[in-house]
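# Structural overview
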Amino acid sequence: MTEITETTTIEPSGHFASLDLGEVWKYRELLYFLTVRDIKIRYKQTLIGVTWAVLQPVLTTAIFTVIFSRFARFDTGNVAYPLFALSGLIIWLFVHNSVSLASSSFVNNTNLVTKVYFPRLIVPVAATLGALFDLVFGLLILVGMMIFFGVTPTSQILLSPLFVLLGLGVAVAFGILFSALNVRFRDVKFALPFLLQVWMIASPIFYPTSLLSEKWRLVFALNPLTGILDGFRSSLFGSPFDWPVIGVSVASLILLLLVSLFVFKSMEDSFADLI
Amino acid sequence: MQVIKADNLSKQYVLGSRQPNSVREVLTGLLKPAEPKHTIWALRDVNFSVDDGERLGLIGHNGAGKSTLLKILSRITKPTGGKALIRGRVGSLLEVGTGFHSELSGRENIYMNGAILGMKRAEIKRKFDEIVDFSEIEEFLDTPVKHYSSGMYMRLAFSVAAHLDPEILIVDEVLAVGDTSFQKKCLRKMRDVGESGRTVVFVSHDMASIVRLCDRAIALNHGTIVGDGPASDVVREYISAGWGIKSERDFTADQKPPQSDTVRLMKMRMVDKQGETNGSFDIRDKIGIEMTYEALRPGETLLPNLQIFNQDRVHLFTIHDVASEWTHRPKDAGVYVSTAWIPANFMAEGSFAVNAAVVTYTPTLNVHFYATDVVIFDIFDPMTGDTARGDFGGKMEGVMRPMVDWETRNG
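All values derive from a computational prediction rather than experimental measurement. (Residues numbered from 1 in each chain as written. Chains lettered and ligands numbered in written order. Predicted model: local features only at pLDDT ≥ 70, side-chain atom pairs only at ≥ 80, totals over all residues.)

Secondary structure assignment for chain A yields 13 helices and one strand. A globule of 275 residues ought to have a C-alpha radius of gyration of about 19 Å, and chain A, at 20 Å, matches this closely. Each principal axis of the C-alpha atoms in chain A carries an extent, and together these give about 70 × 45 × 40 Å. A burial count over chain A gives 41% of its 275 residues as buried. (Helix = DSSP H or I, 4+ residues; strand = E, 2+ residues; numbered from the N terminus. Rg over C-alpha atoms; globule rule 2.2 N^0.38 Å. Buried ≥ 20, exposed ≤ 12 C-beta atoms within 10 Å, placed from the backbone.)

Here we take up the overall build of chain B. Of regular secondary structure, chain B possesses eight helices and 18 strands. By principal-axis analysis of the C-alpha atoms, chain B measures approximately 80 × 80 × 40 Å. Within chain B, the proportion of its 411 residues that are buried is 41%. Of the contacts made within chain B by residues no fewer than 6 positions apart, 71% connect residues no fewer than 24 positions apart. (Contact = placed C-beta atoms within 7 Å.)

Turning next to the sheet that holds strand E14 (residues 303-310) of chain B. All names here are of chain B. Here five strands make up an open sheet; going across it, the order is E12-E18-E17-E14-E15 and the pairing mixed. Only two strands of the sheet have a single neighbouring strand rather than two, namely strand E12 (280-282) and strand E15 (315-320). Averaged over all neighbouring strand pairs, the angle between strand axes comes to 30 degrees, with direction disregarded. Sheet analysis places E14 next to E15, joined by five bridges and oriented antiparallel. Residue pairing in the sheet places phenylalanine 309 in a bridge with histidine 315 of E15. (Pairing = 2+ DSSP bridges. Axes fitted to C-alpha atoms, helices over the stretch in contact; angles between N-to-C directions.)

Right, let's talk about helix H2 (residues 28-43) of chain A for a bit. Relative to the 22 Å expected for 16 residues at 1.5 Å per residue, H2 of chain A spans 24 Å between its end C-alpha atoms, a close match to the ideal helical length. Elements in contact with the buried residues of H2 of chain A: helix H7 (122-148) of chain A together with helix H3 (106-116) of chain B. A positive phi of about 60 degrees marks glutamine 45 of chain A, the residue just after H2 of chain A. (Expected span 1.5 Å × (residues − 1).)

In this section: the nonpolar core. Ala217 and Val235 of chain B are the most contacted members of the largest nonpolar core, which has 167 residues in total. Formed by five residues, the second largest nonpolar core is a distinct cluster that contains Phe220, Ala221, Val245 and Ile246 of chain A. (Core = buried A, V, L, I, M, F, W, Y, C linked by C-beta atoms within 7 Å.)

To continue, consider the packing of helix H8 (residues 160-184) of chain A against helix H12 (residues 243-268) of chain A. Residues and elements named next belong to chain A. Two elements in contact, H8 and H12, have axes separated by 9 Å at closest approach and are oriented at 30 degrees. As far as their axial angle goes, H12 and H8 are roughly parallel. Considering the relative orientation of H8 and H12, their crossing is left-handed. Each of Leu166, Gly169, Val170, Ala173, Ile176, Leu177, Ala180, Val183 and Arg184 in H8 lies in contact with H12, whose residues at this interface are Val250, Leu253, Leu256, Leu257, Ser260, Leu261, Val263, Phe264, Met267 and Glu268. For the contact of H8 with H12, the per-class residue count stands at 15 nonpolar, two polar and two charged. (Parallel < 35°, antiparallel > 145°, perpendicular 65-115°, else oblique. Left-handed = near helix turned anticlockwise from the far one by under 90°. Nonpolar A, V, L, I, M, F, W, Y, C, P; charged D, E, K, R; others polar.)

A separate point is the interface of chain B and chain A. The interface is formed by 39 residues belonging to chain B together with 32 residues belonging to chain A. Every element with two or more residues in the side of chain B that touches chain A is listed here: helix H2 (66-73), strand E4 (81-87) and H3 of chain B. Top element by residues in the side of chain B that touches chain A is E4 of chain B. It accounts for six residues. Looking at the side of chain B that touches chain A residue by residue, the class counts come to 15 nonpolar, twelve polar and twelve charged. Across four bridges, the pairing between strand E1 (residues 7-10) of chain A and E4 of chain B is antiparallel. Each bridged residue has a counterpart across the sheet, and for isoleucine 10 of chain A the counterpart in E4 of chain B is alanine 84 of chain B.

Strands sit in the order E1(A)-E4(B)-E1(B)-E2(B) across an open sheet of four strands; the sheet is antiparallel. Where the open sheet ends on each side, the last strands, each with one partner, are E1 of chain A together with strand E2 (39-51) of chain B. Taken pair by pair, the neighbouring strands of this sheet meet at an average axis angle of 15 degrees, ignoring direction. Relative to E4 of chain B, strand E1 (residues 2-14) of chain B runs antiparallel, the two being bridged by five bridges. Paired with aspartate 7 of chain B across the strands is lysine 83 of chain B, a residue of E4 of chain B.

Residue and element names in this part refer to chain B. Counting through the fold element by element, isoleucine 283 comes out in the loop between E12 and strand E13 (287-295). A C-alpha to C-alpha distance of 35 Å links isoleucine 283 and asparagine 366, two positions 83 residues apart in sequence. When neighbours within four sequence positions are excluded, isoleucine 283 is seen to be in contact with Asn345, Glu349, Ile379, Phe380, Asp381, Thr387 and Arg401.

All names here are of chain B. Look at H3 against helix H4 (residues 121-135): their axes get within 11 Å of each other, and the N-to-C directions meet at 125 degrees. Taken as axis vectors, H3 and H4 run oblique relative to one another. Crossing geometry of H3 relative to H4 is assigned as right-handed. Where H3 abuts H4, its residues Ile110, Tyr111 and Gly114 lie against Ile124, Phe128 and Ile131. Residue composition of the contact of H3 with H4, by class: five nonpolar, one polar and no charged.

What follows is about the pairing of E13 of chain B. All names here are of chain B. In this sheet, E13 lies alongside strand E11 (residues 263-271) in antiparallel orientation, the contact comprising eight bridges. Within E13, the residue paired with methionine 268 across the bridge is methionine 291. Here nine bridges tie E13 to strand E16 (residues 334-342), and the two strands are oriented antiparallel to one another. Following the sheet pairing, glutamate 290 is matched in E16 by threonine 339.

Okay, helix H4 (residues 81-103) of chain A next. All names here are of chain A. Its 23 residues give H4 an end-to-end C-alpha distance of 32 Å, which sits within 8% of 33 Å, the value for a rise of 1.5 Å per residue. Helix geometry: H4 is bent most strongly at leucine 89, by close to 25 degrees. For H4, the tally of buried residues reaches 21 of 23 residues, placing the bulk of the element in the interior. (Bend = angle between axes of the 7 residues up to and from the residue.)

Encoded structure:
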């Protein structure tokens, strides 16, 4: 007889679900395989494959540059507009893509949810991590552009990974929230594209936060992307950090993560019955 | 040692139409007074325990709660009430090829599927060659599985599952699909798992495979346990409950037993070669149908007559006493016991019902009584290789399964 390695108790779900992140850690290999699978499948049977990961930010930057530097003329300080736009866009495109992918992740993996047990959190998180792949290409283009425009980085650039990580936090938070809501309410499918559009306009992607007055800046910072994008650009281009804005955004992000996890955990047990 | 223990396990479902599925329905639901919810108990206070090394079969009609029970034990869904304790690593196979993606190659899918079933990467790596060998698809390993035939797909999917090494294996009717030549291998693998001391919980509609693979069975009906015991007993009880009969029947206390003024049916039972009452027969053993009747009027040449039906109500054959000393011999008044012996290795596996009659031919044909669905019995194939099944492990078609002689010569 093999040695018994574990004991499991199966009980009705309680009112206060525990986070149980240890369980997610136990299944980390599945998280890895699901992430890799998502990336592989995304570009299979496409004509130009991963080139899409490059084209998306480049083309959008080009369009923004034509519109906003020729006609609207935002003051982006000593940073060239294409560089300014691209730095915001790669973070935004990552958040946008990963939230879209994560929101439909359960519906696309119905057979997994109804046929196998694993911590459900893995599904939307894998979708988010899969989108990281594209972000890597975006960052490479950004480095190339910075060299092209002759940007000399300051020591502040060492903080840039922190802001990418915070961006990942935003993507994970909204990803798990909408993935859970989408299982219960298929309205999400219709509402989400619209929400993402509004969110994009409300985030300092193609305009600088300096456009807003001091007071409004803090209100806008409730949108975690405001502080993240602002801080990311400061770290890249060596401009001073706007710590109050970053602080409000980080606090907002933490709150958002907690709410998302709570919603997810309270709905998770019924996924297999509802989907 | 108990590896599974279920205490008052219950699961309630709210029926689909009442469940709000959109934000609008939730909002309008808040304004309206609460309607009584339509709920259904898929499982209700189910109690059982399974020891290590046991092979447990779950049987029951559609909607009896088998799948719900499997889903709770595999932690896919939570119970509404009660609890279950599981000791050991659980591998559950409710579907073959879960998580397979058509765009990925066979190799990639092996890793993916293995991870989904709970295998560690190192473990998959170690067993990789074995899995590929078992699946017989080596040359297509790097082809996307969308180009596979359905047979190849099933073989690959089952191979991964078969190499899962859990302490408790939970299997739904996955063996019912796939090509039949591969099924032998799969069934043998499942038997190996059971015989190596690990625990198997198996759900199937195929009663013959339950009897073949499991040593114990639990019958569910409307979410509650209605039978628990040795597999062949539970299966027979389950089928006889469906037919409303058993393998032994006593008419002596009946107000109106099957009878005429010439003969009266007293008892019928199924007997094994030792002469014991037994409703479950190894296909390699002869099957006795024993009829006890009382001749009420002396001097009649009474001929017992039996008709055998299978589960699909196909009338397989009729037998009557045509070749004994009693065939043409009148009986005195009194009680007689006649036994018909159906030869071994003759009928297929399954459950069968027996109709009984006693007839006389002189002066003309006279049927004195004709009782339908009197007793029931079942036949199982122990899969030892020395039956007409040979090494075939799948579902063998046909209502008869005789052992016949074969002759082959150079033509």
